[in-house]
Amino acid sequence: MTDSKGLDNGLTNYGDRDFARFLRRSFARSMGISKELLNRPIVGIAMTPSGFNNCHRTMDELVEAVSRGVLAAGGLPRAFPTVSLGEVFLNPTSLVYRNLMSMDTEEMLRAQPMDSVVLIGGCDKTVPAQLMGAASADIPAVQLVTGPMSTGRHRGQRLGACTDCRGFWAKYRAGTVDKEEIDIVEGRLSVTAGTCAVMGTASTMACIAETLGMSLPGTAAIPAVNAARLVAAEESGRVAVGLIGRPIRPSQIITQKSVENAYRMIMALGGSTNAIVHLAAIAGRRGISLSMERINEISDETPVLVDLKPVGEGYMEDFYAAGGVGAVLRELRPLLHLDTIDVEGRTLGERLDEPLDWVDRNVIKTFADPVSKVGGLIALHGSLAPDGAIFKRAAATPALFETEGRAVVFENLEDLSRRVDDPDLDVTPSDVLVLKNAGPHAAGMPEAGYLPIPKKLARAGVKDMVRISDARMSGTAFGTIVLHIAPESAIGGPLGAVRNGDRIRLSVAEKRIDLLVPADEIGRRLAGIKPPPVPRRGYRNLYRRTVLQAPQGCDFDFLSGTDE
Ligand code: FES
């Protein structure tokens, strides 16, 4: 291990290096570690257990398995905690804290003595945060995910968080599921450890990590409770030791080409809209960006191949059994950059030369016979979104793709929750529901873009409407929903100018979203808008002063890019 510095990495600054080394070794021995092991190269294990993170319930056994692999390969494993983000336990929204976790990860990778690291995350924002931190710290790193949940059962129906959570809640709101049944369903949606069971944000990010080359091949989709997940953890530990003698850094893995491959994977999966934000942030840490035009080119060239909820029918356990990311990559092969490398130093082309034993074509379709001929997500532009917006066409209603409708405006989240179910709300199925002040500055960009269908319309059988906002939407959600409008309304974006009764036009064919109001009138209306006040202190102050818009991944301005 010629590149190993082990425990001597980054000695504490006392002005006496020998003393610092002596003191560190002495304290390390107080942990009961033998001299022989203390002389080994060190693999850090960034662990993220939390009593507020159900998706990371298996963290202890994953850390144990990674440690086993590190020890077997001749390294010394040292697990350490970082911030953990449990999606549904954070207020106002987990995205606000993704950058905090990425800073924690980056700084602890730099500050502590380790030669390489295994990062263990899973829940929505944790994998992006870890990849952002690793991309910036640029020490050899292997990403391991906790893996998806397995499904539950309810009256003969398979259930998985969280597409079915939304489906049942919509039925409850429409009155077709009663209180007694919804209470039963509550206990049957999330029945094992692991991340959401569908192709939501966590699963999309796991597939991105594998496509980028930051995770071991074949590991993204292994269910959390499958023994193969522990074998993957053990192998991740071994590979992390191998990286010490032959360092391959995130900067060599996360490149313009591998990022393009990852965008293709999102399209082929019908993946989460959130992944667009996170991938922009991860790429941004290496100074890489893709224009909205390039994202649309990739989308138009890349078919949706995976038939999983929320776009299709299956669950992540089906995707794993069907062949997982490797099977999708093989179908996409003609479109991919094959000279990218992974954490093992193999090119993507070399990986894909290896045969797969079997692919379930009910779940992973062929390029020639896809779920859809074009990708799952597109970027929109127009007078309502000068810097872009995102639309998940794979999860939308084609009959609504070309819509001109009357705006029904909610000024903010409180206004939405107060009025959306008001029986006197002036709304029809052909209207466009508009939510303002839900962007990164105004509200931390919550997953509120999946505006509920007003109860009186839901009860009349309306299943979908055009809904637009500067918010995000859960990767497990579906509908004709325009998201991530930039600039956001609170900092002067034209969304802030929309008034009840204005006409709005959505054209998926033209990739446009327009407010049909003269530009000078929009300018007049925006003149009075002031951004919300900046909190006086703490992380919220830092967040509000430095957070970027969705096309830049909502990273902080001072974290994006490299020092080179
Ligand atoms: Fe953690 Fe869905 S709540 S992945």
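The notes below deal with the structure included here.

About the cut-offs
- Residues numbered from 1 in each chain as written.
- Predicted model: local features only at pLDDT ≥ 70, side-chain atom pairs only at ≥ 80, totals over all residues.
- Heavy atoms only, no water.
- Helix = DSSP H or I, 4+ residues; strand = E, 2+ residues; numbered from the N terminus.
- Rg over C-alpha atoms; globule rule 2.2 N^0.38 Å.
- Buried < 20%, exposed > 50% of the residue type's maximum accessible area, 1.4 Å probe, protein only.
- Contact = heavy atoms within 4.5 Å.
- Areas by Shrake-Rupley, 256 points an atom, 1.4 Å probe, with all protein chains shown as cover.
- Lys, Arg positive; Asp, Glu negative; His and termini not counted.
- Charge placed at Lys NZ, Arg CZ, Asp CG, Glu CD.
- Patch = residues over 30% accessible without salt bridge, like charges linked within 9 Å, V, L, I, M, F, W, Y side chains within 5 Å.
- Salt bridge = Lys/Arg side-chain N within 4 Å of Asp/Glu carboxyl O.
- Pairing = 2+ DSSP bridges.
- Axes fitted to C-alpha atoms, helices over the stretch in contact; angles between N-to-C directions.
- Polar contact = N/O pair within 3.5 Å; in protein donor to acceptor, adjacent residues only side chain to side chain.
- Parallel < 35°, antiparallel > 145°, perpendicular 65-115°, else oblique.
- Left-handed = near helix turned anticlockwise from the far one by under 90°.
- Nonpolar A, V, L, I, M, F, W, Y, C, P; charged D, E, K, R; others polar.
- Phe/Tyr/Trp six-rings, centres within 6.5 Å; stacked < 30°, edge-to-face > 60°.
- Arc of directions from axis to C-beta.
- Expected span 1.5 Å × (residues − 1).
- Core = buried A, V, L, I, M, F, W, Y, C linked by side-chain atoms within 4.5 Å.

Turning next to the overall build of the protein. Looking only at helices and strands, the protein has 21 helices and 14 strands in total. Taking 2.2 N^0.38 as the reference for a compact globule, 564 residues should give roughly 24 Å; the C-alpha atoms of the protein span a radius of gyration of 24 Å, in line with that estimate. Overall, the protein is about 75 × 55 × 50 Å in size when its C-alpha atoms are taken along their principal axes. Here the protein holds 564 residues, and 59% of them are scored as buried. Within the protein, residue pairs in contact and separated by at least 24 positions form 76% of the contacts whose partners lie at least 6 positions apart. Accessible surface computed for the protein: about 21,600 Å², of which carbon and sulfur atoms make up 51%. Averaging the locations of the 64 positively and 67 negatively charged side chains of the protein gives two centres separated by 3 Å.

What follows is about the side chain of Thr 146. Among the structural elements, Thr 146 can be located in the loop between β4 (141-145) and β5 (152-154). Thr 146 has contacts with Cys 55, His 56, Thr 58, Met 59, Leu 62, Ile 120, Gly 121, Gly 122, Thr 195, Ala 224 and Arg 229, leaving out every residue within four places of it along the chain.

Turning our attention to a nonpolar patch on the surface. A surface patch of nonpolar side chains, amounting to about 340 Å² of accessible area, comprises Tyr 14, Phe 19 and Phe 22. The topology assignment puts Phe 19 in helix α1 (residues 17-29).

Strand order in the open sheet formed by 4 strands is β2-β1-β3-β4, and the pairing between neighbours is parallel. Each of the sheet's edge strands pairs with one partner strand only, and the pair in question is β2 (76-81) and β4. Looking at each pair of strands side by side, their axes are set apart by 20° on average, direction ignored. Alignment of strand β1 (residues 42-47) against strand β3 (residues 116-121), held across 4 bridges, turns out to be parallel. Directly across from Ala 46, in β3, lies its bridge partner Leu 119. Docked against the sheet, helix α3 (residues 59-72) engages β1, β2, β3 and β4, running at close to 170° with respect to β1. Running over the sheet, helix α5 (residues 126-137) touches β1, β3 and β4 and is turned about 160° from β3.

What follows is about the environment of Asp 164. Along the chain, the position of Asp 164 falls in helix α6 (residues 163-174). For the pair Asp 164 and Ala 197, spaced 33 residues apart in the sequence, the C-alpha separation amounts to 9.7 Å. Not counting residues up to four positions away in its chain, the partners in contact with Asp 164 are Arg 158, Leu 159, Leu 189, Lys 309 and Tyr 315. Reaching out from Asp 164, the side chain makes a polar contact with the side chain of Tyr 315 at a distance of 2.5 Å.

Glancing now at the pattern of salt bridges. Counted by the stated rule, this structure contains 40 salt bridges. Of the charged contacts in the structure, one is a salt bridge between Lys 125 and Glu 447, with a shortest N-O distance of 3.9 Å. Within this pair, whereas Lys 125 is found in the loop between β3 and α5, its partner Glu 447 is found in the loop between α18 (440-443) and α19 (455-459), the two being separated by 322 residues in sequence. A salt bridge links Arg 264 to Glu 301; its shortest N-O distance comes to 2.7 Å. Of this pair, Arg 264 sits in helix α11 (residues 256-269) while Glu 301 sits in helix α13 (residues 292-301); the two residues are 37 residues apart in sequence, bridging distant segments of the chain. Counted as one network, the salt bridges with shared partners bring together Glu 87, Asp 124, Lys 125, Glu 447 and Arg 472.

Next up on the list: the packing of helix α8 (residues 201-212) against helix α15 (residues 324-332). One can describe the packing of α8 onto α15 by two numbers: an axis separation of 10 Å at closest approach and a directional angle of 60°. Here α15 runs oblique to α8, going by the angle between their axes. Considering the relative orientation of α8 and α15, their crossing is right-handed. Along the contact surface, α8 presents Cys 207, Glu 210 and Thr 211, while α15 presents Val 325, Gly 326 and Leu 329. Class assignment for the residues of the contact of α8 with α15 results in 3 nonpolar, 2 polar and 1 charged.

Let's shift gears to the packing of helix α4 (residues 95-111) against helix α21 (residues 538-546). α21 packs onto α4 with a crossing angle of 105° between their chain directions and a minimal axis gap of 10 Å. Between α4 and α21, the angle falls in the class roughly perpendicular. Residue-level contacts link Val 96, Tyr 97, Asn 99, Leu 100 and Met 103 of α4 to Tyr 539, Arg 540, Leu 542 and Tyr 543 of α21. In terms of residue class, the contact of α4 with α21 is built from 7 nonpolar, 1 polar and 1 charged.

Quick look at the packing of aromatic side chains now. Geometry of an aromatic ring pair is reported as the spacing of the ring centres plus the angle between the planes. In total, this model carries 10 aromatic pairs according to the counting rule given. Measuring from ring centre to ring centre gives 5.9 Å for Tyr 539 and Phe 556, while their planes differ by 50°; the resulting arrangement is tilted. Linking Tyr 539 in helix α21 with Phe 556 in the segment after α21, this pair joins segments that are 17 residues apart in sequence. When the ring of Phe 556 is compared with that of Phe 558, the centres are 5.8 Å apart and the planes differ by 25°; the resulting orientation is stacked.

Of all the positions in helix α7 (residues 179-186), only Glu 181, Ile 182 and Val 185 are classed as buried. For α7, the arc enclosing every buried residue in end-on projection is 100°, short of the 170-degree limit, so these residues lie on one face. Among the exposed residues of α7, those pointing more than 90 degrees away from its buried face are Glu 180 and Glu 186. Looking at the buried residues of α7, the elements they touch are β5, β6 (157-159) and α6.

Here we come to α4. In this model α4 runs 25 Å from its N-terminal to its C-terminal C-alpha over 17 residues, within 8% of the 24 Å that 1.5 Å per residue would give. Here the buried face of α4 lies against β2, β3, α5, α12 (274-284) and α21.

Another aspect to go through is the environment of Met 292. In this fold, Met 292 is placed in helix α13. Note on Met 292: relative accessible area 15%, which makes it buried. Considered as a pair, Met 292 and Ala 389 are 97 residues apart in the sequence and their alpha carbons are 9.0 Å apart. Residues within four places of Met 292 in sequence aside, it is in contact with Ala 379, His 381, Asp 387, Gly 388 and Pro 551.

This brings us to the pairing of strand β12 (residues 481-486). Each regular strand displays side chains that alternate between the two surfaces of the sheet. Counting buried positions along β12 yields 6 of 6 residues, so the element is predominantly enclosed. Relative to β12, strand β8 (residues 385-392) is paired through 3 bridges, and the arrangement is antiparallel. Looking across to β12, one finds that Ile 390 is bridged to Leu 483.

Right, let's talk about the nonpolar core for a bit. Membership of the largest hydrophobic core comes to 97 residues, with the highest contact counts inside it found for Leu 109, Val 117, Ile 120, Val 259, Tyr 263, Phe 319 and Val 328. With 8 residues, α11 is the single largest residue contributor to this core. When near neighbours in sequence (up to four residues on either side) are disregarded, Val 328 contacts Met 265, Ala 268, Leu 305, Val 306, Phe 319 and Ile 364. Core analysis: the second largest hydrophobic core is formed by 28 residues, Ala 389, Phe 391, Phe 401 and Val 432 among them.

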